[in-house]
Amino acid sequence: SPSLERMTAASPPRPAEFDDPAIPEIATTDVPACPLCGESHFQTFAEGYDYELQTSRNKWRFVQCDACSHVWLNPRPAISTLSTIYPTTYYAYNYATKINPVAVKAKEMLDVAKMKSILAHLKRAPRALLDVGCGDGRFLKVMEKKGVPRDRDYGLELDEAVLEPLKKAGYQVACERVEDSTLVPEGSLDLVTMFHVIEHVDDPGPVIRKLAGWMAPGGVLAIETPNLDALDQRLFHDSYWGGYHIPRHWNLYTAKTLARQLKDAGLEPVATMYQTGHSFWMYSMHHWMRFEGTPHPRLAKLFAPIGSLAFLAGFTLWDKLRGLLGFRTSAVLMLARKPEAA
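Below: a short report on this structure. (Residues numbered from 1 in each chain as written. Predicted model: local features only at pLDDT ≥ 70, side-chain atom pairs only at ≥ 80, totals over all residues. Heavy atoms only, no water.)

1. Overview of the nonpolar core
Turning to step 1, where the next piece is worked out: Counting 33 residues, the largest nonpolar core has Phe 45, Phe 62, Leu 228 and Tyr 244 as its most contacted members.
Turning to step 2, where the next piece is worked out: For this core, the element with the highest residue contribution is helix H10 (residues 278-291), accounting for 7 residues.
Turning to step 3, where the next piece is worked out: When sequence neighbours within four positions are dropped, the list of residues in contact with Phe 62 reads Gln 43, Thr 44, Phe 45, Ala 46, Val 71, Trp 72, Leu 73, Tyr 244, Ile 246, His 249 and Leu 252.
Turning to step 4, where the next piece is worked out: Ala 128, Leu 189, Val 197 and Ile 223 belong to the second largest nonpolar core, which has 32 residues in total. (Core = buried A, V, L, I, M, F, W, Y, C linked by side-chain atoms within 4.5 Å. Buried < 20%, exposed > 50% of the residue type's maximum accessible area, 1.4 Å probe, protein only. Helix = DSSP H or I, 4+ residues; strand = E, 2+ residues; numbered from the N terminus. Contact = heavy atoms within 4.5 Å.)

So, in structure tokens, the structure goes:
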């Protein structure tokens, strides 16, 4: 059976489940230079498999830059494999239909509280918003209630089907990547939100610079992403940490490296807040129980975030309490302002 000592030992060999010939070995792309500073000296940080979805049998490796400490996936999946690692069953495409209605309502309350804390750092009432990775539009709807009209309530998402109801309702949404989009007029946005998206991007620098160009002077960019400087990451460091989301997370940050990424784009970090990382705790426990030593799949299933309402509530309260006491949780939310003189 798994032990705490084994949790922090060297990354494990390929689990037996991944010997299934139906699981493909997918194409990869080498990333020999740090996406943050451009240096090419690095060391292995963590290794593992697609423990959540088993979309590939590849063993994946995160590396850490010797110069700036940034962590990225190298090699990463080739762009041609995106439809494989993000199947139509991917939870983010059907989030509200897959979890308990009570959990959905609780999530809505947390979303409203999060936006309230973000808006406290905006020096004016928001007139235009962009939500990158808007999904079913839940944050667009929150901001509409805050006074943002639908013709200036923008969203980008890579799943066309989920956008159709939003388009019909009059929200300004498009199935485009930030890098390729012309949806938003330059200098027009008071607020840009990017919740758990930047870690999926292959080259975050140009993305953040593009967003900065869309922002009005004094506008605020809010980025939330997994936090490498967290207790659960240290416990499950070598392979099983849920925040790795292997192989879909390509860049991972601490507050320090995220601040550098924002400053490099000409933005001024103004606040750092730590959010609940309940799903990371749960997936970490799930992966450890299911794949370490003698597998315990039934016990592991209790920790799958989709459907485990009791544990979901417990880990949410655990991280909320830790955040209130000043501890760094496994999700960091950083706010950065575009200078007024820009």
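Next, the rest of the story.
2. So, the packing of H10 against helix H12 (residues 309-324)
Turning to step 1, where the next piece is worked out: At their nearest, the axes of H10 and H12 sit 8 Å apart, and the two run at 125° to each other. Between H10 and H12, the crossing angle belongs to the class labelled oblique. Where H10 crosses over H12, the two elements pack in a sense that is right-handed. Here His 278, Trp 281 and Met 282 of H10 come into contact with H12, specifically with Phe 311, Leu 312, Phe 315, Thr 316, Trp 318, Asp 319 and Arg 322. (Axes fitted to C-alpha atoms, helices over the stretch in contact; angles between N-to-C directions. Parallel < 35°, antiparallel > 145°, perpendicular 65-115°, else oblique. Left-handed = near helix turned anticlockwise from the far one by under 90°.)

3. Remarks on the sheet that holds strand S4 (residues 71-73)
Turning to step 1, where the next piece is worked out: Read across the open sheet, the 4 strands follow the order S2-S3-S4-S11; overall the sheet is antiparallel. Every other strand in the sheet has two partners, leaving strand S2 (42-48) and strand S11 (251-252) as the edge strands with one partner each.
Turning to step 2, where the next piece is worked out: For S2 and strand S3 (residues 60-65), the ladder comprises 6 bridges, and the chain directions are antiparallel. Bridged to Glu 47 within S3 is Arg 61. (Pairing = 2+ DSSP bridges.)

4. A word on the pattern of salt bridges
In a structure, side chains of opposite charge can pair up when their charged atoms sit close to one another.
Turning to step 1, where the next piece is worked out: Applying the stated criterion across every chain, the model contains 17 salt bridges.
Turning to step 2, where the next piece is worked out: Where Arg 138 meets Asp 111, a salt bridge forms, and the shortest distance between an N and an O atom there is 2.7 Å. With Arg 138 in helix H5 (residues 138-145) and Asp 111 in helix H4 (residues 101-119), this pair connects stretches of sequence that are 27 residues apart. (Salt bridge = Lys/Arg side-chain N within 4 Å of Asp/Glu carboxyl O.)

5. What to know about H12
Turning to step 1, where the next piece is worked out: Over its 16 residues, H12 runs 22 Å from end to end, which matches the ideal 22 Å to within 8%, given 1.5 Å per residue.
Turning to step 2, where the next piece is worked out: Within H12 the residues assigned to the buried category are Leu 312, Phe 315, Thr 316, Asp 319 and Arg 322. The buried residues of H12 occupy one face: seen down the axis, they fall within an arc of 130°. Exposed residues pointing more than 90 degrees away from the buried face of H12 are listed as Ala 310, Leu 317 and Leu 324.
Turning to step 3, where the next piece is worked out: Where H12 ends, the next residue or the one after it, Gly 326, has phi of about 95°, a positive value. (Expected span 1.5 Å × (residues − 1). Arc of directions from axis to C-beta.)

6. Observations regarding the environment of Asn 227
Turning to step 1, where the next piece is worked out: Within the fold, Asn 227 resides in the loop between strand S10 (215-226) and helix H8 (231-235).
Turning to step 2, where the next piece is worked out: As for Asn 227 and Thr 254, which are separated by 27 residues in sequence, their C-alpha atoms are 5.2 Å apart.
Turning to step 3, where the next piece is worked out: Side-chain polar atoms of Asn 227 contact the backbone oxygen of Asp 229, separated by 2.9 Å. (Polar contact = N/O pair within 3.5 Å; in protein donor to acceptor, adjacent residues only side chain to side chain.)

7. Points about the packing of aromatic side chains
Turning to step 1, where the next piece is worked out: In the structure shown here, the tally under the stated rule is 17 aromatic pairs.
Turning to step 2, where the next piece is worked out: Ring geometry for Phe 139 versus Phe 195: centroids 4.7 Å apart, planes at 55°, classification tilted. Of this pair, Phe 139 sits in helix H5 while Phe 195 sits in strand S9 (residues 189-195), placing them 56 residues apart in sequence. Accessibility classification places Phe 139 together with Phe 195 in one group, the buried group. (Phe/Tyr/Trp six-rings, centres within 6.5 Å; stacked < 30°, edge-to-face > 60°.)

8. Structural notes on the pairing of S3
Turning to step 1, where the next piece is worked out: One ladder, built from 3 bridges, connects S3 with S4; its direction is antiparallel. Directly across from Phe 62, in S4, lies its bridge partner Leu 73.
Turning to step 2, where the next piece is worked out: Counting the residues in the hairpin turn of S3 and S4 gives 5 residues, including Ser 69, whose phi is positive at 75°.

9. Points about the pairing of strand S7 (residues 153-156)
Turning to step 1, where the next piece is worked out: Residues Asp 153 and Gly 155 point to one face of S7 and Tyr 154 and Leu 156 to the other, with burial holding for every one of them.
Turning to step 2, where the next piece is worked out: Here 4 bridges tie strand S6 (residues 129-132) to S7, and the two strands are oriented parallel to one another. Each residue of the ladder has a partner; that of Leu 129, found in S7, is Asp 153.
Turning to step 3, where the next piece is worked out: Between the parallel elements S6 and S7, the chain passes through H5 in a crossover that is right-handed.
Turning to step 4, where the next piece is worked out: By the bridge criterion, 3 bridges tie S7 to strand S8 (residues 172-174) in an arrangement that is parallel. By the bridge assignment, Tyr 154 is partnered in S8 with Gln 172.
Turning to step 5, where the next piece is worked out: The β-α-β motif built from S7, the intervening helix H6 (residues 160-169) and the parallel element S8 has right-handed crossover chirality. (Right-handed = clockwise from strand over helix to strand, strands pointing away.)

10. So, the side chain of His 287
Turning to step 1, where the next piece is worked out: Mapped onto the elements of the fold, His 287 is located in helix H10.
Turning to step 2, where the next piece is worked out: Note on His 287: relative accessible area 3%, which makes it buried.
Turning to step 3, where the next piece is worked out: With near-sequence residues (within four places) excluded, His 287 lies in contact with Tyr 51, Glu 52, Tyr 240 and Glu 292.

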